[in-house]
Structure formats: structure tokens, C-alpha cells
Amino acid sequence: MVKVIASSVRKGNVLDVDGKLYVVLTAQNFHPGKGTPVTQVDMRRIVDGVKVSERWRTTEQVERAFVEDVNFQYLYEDGEGFHFMNPATYDQVVVDAETMGDQKAYLQEGMTCILSIHEGVPLAIELPRHVTLEITETEPVVKGQTASSSYKPAMLSNGVRTMVPPHINAGTRVVIATEDNSYVERAKD
């Protein structure tokens with residue numbers, strides 16, 4: 001086990017809390033004007049899937065479980081789950097829907113993801129930071145809107161809703177941040 005400070009914990013990390021393994025779902029650092037900065041962590045217990053929230057001082061030590069982060073290529077989804085292949089060894093692993101979570105919307109065939117593996121079992125998955133998708137529908141531009149700060153709702157080709165600038169129309173390919181479903185830029189292709 002490796003001890004790390006709480007403020008360095010990120011989504012997808014695997015922690016050992018009281019002898020049980022947890023995968024981090026969200027981690028936020030709060031720095032109030034007055035008082036001690038804290039890290040709020042939402043985690044899922046790997047054994048039974050129970051979700052837990054913890055709050056630690058940002059300087060507090062937490063134990064990070066030894067987990068191997070390996071690049072895997074996404075192949076397909078079936079009744080068993082999501083199938084990935086290690087391009088170096090051609091080993092295949094199946095990630096269940098619960099471990100995959102809401103990130104499944106961004107999976108694309110052939111996409112390289114990082115799987116966190118503990119004793120041969122995939123515990124967490126990290127997708128690429130950005131994916132390129134097409135806008136399938138969006139509202140028309142309203143005349144008089146200022147382009148600087150106004151955004152309009154749009155539907156992506158994977159079924160996820162996001163906010164885009166007024167100049168983006170249906171059929172446009174855009175780059176989306178997988179962490180928070182936010183618009184990054186118009187695709188360069």
C-alpha cells in the first residue's frame with residue numbers, strides 16, 4: 001500500500017479504507033475562506049458495490065491500493081459486459097456495467113482506455129480526456145444573443161446532452177470533455 005495525501009486523490013483511484021477496497025467516483029477539494037481545506041470523496045466499495053462518502057483534511061494521509069494501470073482497447077459490448085483487449089498480450093477482460101457506469105456513452109470501438117486492475121480484476125476505467133462526437137440536434141440561434149457567454153443545449157450522437165456555443169449547428173463535429181460532458185472546441189477534422 002502507498003500512502004498519499006487526500007488532495008491528490010482522483011476519480012478512478014483505488015483506496016484501501018479500513019482493509020476494504022474502494023474505487024473513487026468523484027473527488028473534490030474545498031478551500032473555505034475560513035477553516036481547514038477538505039477533500040470530499042464519493043467512493044464505491046468493490047466487494048458489494050455500496051456507495052460511501054468520505055471527507056478528509058487535504059493534508060491527511062490515505063492508503064492507495066496497489067493497482068496496475070494498463071492500456072486496453074475497447075472491442076464490443078454484449079450481455080456479459082464490455083470487452084477490452086490488451087494490445088500487447090492480446091488478453092481480454094470483461095468490465096461489468098456497474099464498473100463502467102455512465103462513461104459507457106463515450107465508448108467507441110477501438111478506443112484505448114486505461115483499466116485499473118487489482119489481482120486480475122478490472123476495478124475502474126479511465127477514458128481518454130476528450131472524444132470527438134457529432135451534434136445531432138440543437139436549437140436555432142436567437143438573434144441578439146451575445147456570442148461571448150451564451151450557450152445553447154445540444155444532443156450528441158451518443159445521446160448525451162451538452163451545452164454548445166450559438167455558432168454550432170446540427171451535423172457539426174465537436175470535441176467533448178468526458179469528465180463533465182462539456183464542450184471543448186469544434187473538431188479539427
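Here the structure is shown first, and the text comes after it.
What counts, and at which threshold
- Residues numbered from 1 in each chain as written.
- Predicted model: local features only at pLDDT ≥ 70, side-chain atom pairs only at ≥ 80, totals over all residues.
- Heavy atoms only, no water.
- Helix = DSSP H or I, 4+ residues; strand = E, 2+ residues; numbered from the N terminus.
- Buried < 20%, exposed > 50% of the residue type's maximum accessible area, 1.4 Å probe, protein only.
- Contact = heavy atoms within 4.5 Å.
- Areas by Shrake-Rupley, 256 points an atom, 1.4 Å probe, with all protein chains shown as cover.
- Lys, Arg positive; Asp, Glu negative; His and termini not counted.
- Charge placed at Lys NZ, Arg CZ, Asp CG, Glu CD.
- Salt bridge = Lys/Arg side-chain N within 4 Å of Asp/Glu carboxyl O.
- Pairing = 2+ DSSP bridges.
- Axes fitted to C-alpha atoms, helices over the stretch in contact; angles between N-to-C directions.
- Phe/Tyr/Trp six-rings, centres within 6.5 Å; stacked < 30°, edge-to-face > 60°.

Caption draft 1: Representation of the overall build of the chain within the structure. Of the regular secondary structure elements, the chain holds 1 helix and 16 strands. For the chain, the spread of C-alpha atoms along the three principal axes comes to 60 × 55 × 25 Å. Relative to its 189 residues, the chain shows a buried fraction of 40%. The long-range share in the chain, meaning contacts at least 24 apart out of those at least 6 apart in sequence, stands at 42%. Roughly 11,200 Å² of accessible area belongs to the chain as shown, and the carbon and sulfur atoms make up 49% of that amount. Between the averaged position of the 19 positive side-chain charges in the chain and that of its 26 negative side-chain charges there is a distance of 10 Å.

Caption draft 2: Spotlight on the pattern of salt bridges. Inspection of every chain in the model, using the stated rule, returns 4 salt bridges. Of the charged contacts, one joins Glu 63 and Lys 3 as a salt bridge, the two residues approaching to 3.7 Å between their closest N and O atoms. Here the residue Glu 63 occupies a position in strand 6 (residues 61-64), and Lys 3 occupies one in strand 1 (residues 2-5), the gap between them amounting to 60 residues. A relative accessible area of 51% places Lys 3 in the exposed class.

Caption draft 3: Inspection of the sheet that holds strand 7 (residues 68-77) at higher detail. Sheet architecture is open: 5 strands sit in the order 9-8-7-10-11, paired in antiparallel fashion. Strands at the two margins of the open sheet, each flanked by one partner only, are strand 9 (92-95) and strand 11 (121-126). With strand direction ignored, the average angle separating the axes of adjacent strands in the sheet is 45 degrees. Where strand 8 (residues 82-85) lies against strand 9, 4 bridges are found, and the strand directions are antiparallel. Looking across to strand 9, one finds that His 83 is bridged to Val 94.

Caption draft 4: Fine view of the pairing of strand 16 (residues 182-186). Pairing geometry for strand 15 (residues 173-177) and strand 16, over 4 bridges, is antiparallel. Bridge pairing links Ala 177 to Ser 182 in strand 16. Between strand 15 and strand 16, which follow one another and run antiparallel, lie 4 residues, and Asn 181 among them has a positive phi close to 60 degrees.

Caption draft 5: Representation of the pairing of strand 8 in the model. Every second residue of strand 8 is oriented toward a common face, with Phe 82 and Phe 84 on one face and His 83 and Met 85 on the other, all of them buried. Relative to strand 8, strand 7 runs antiparallel, the two sharing 4 bridges. Directly across from Tyr 74, in strand 8, lies its bridge partner Phe 84. The hairpin formed by strand 7 and strand 8 contains 4 residues between the paired strands, and Gly 81 there has a positive phi angle of roughly 150 degrees. Counting the residues that bridge the hairpin from strand 8 to strand 9 gives 6 residues, and of these Tyr 90 lies at a positive phi of roughly 65 degrees.

Caption draft 6: Main features of the packing of aromatic side chains. According to the stated counting rule, one finds 2 aromatic pairs in the structure shown. Centre to centre, the rings of Tyr 74 and Phe 82 are 6.5 Å apart; their planes meet at 45 degrees, and the pair counts as tilted. In this structure Tyr 74 comes out as buried when scored by relative accessible area, which is 9%. Here the aromatic cluster, defined as three or more aromatic residues joined through ring pairs, consists of Tyr 74, Phe 82 and Phe 84.

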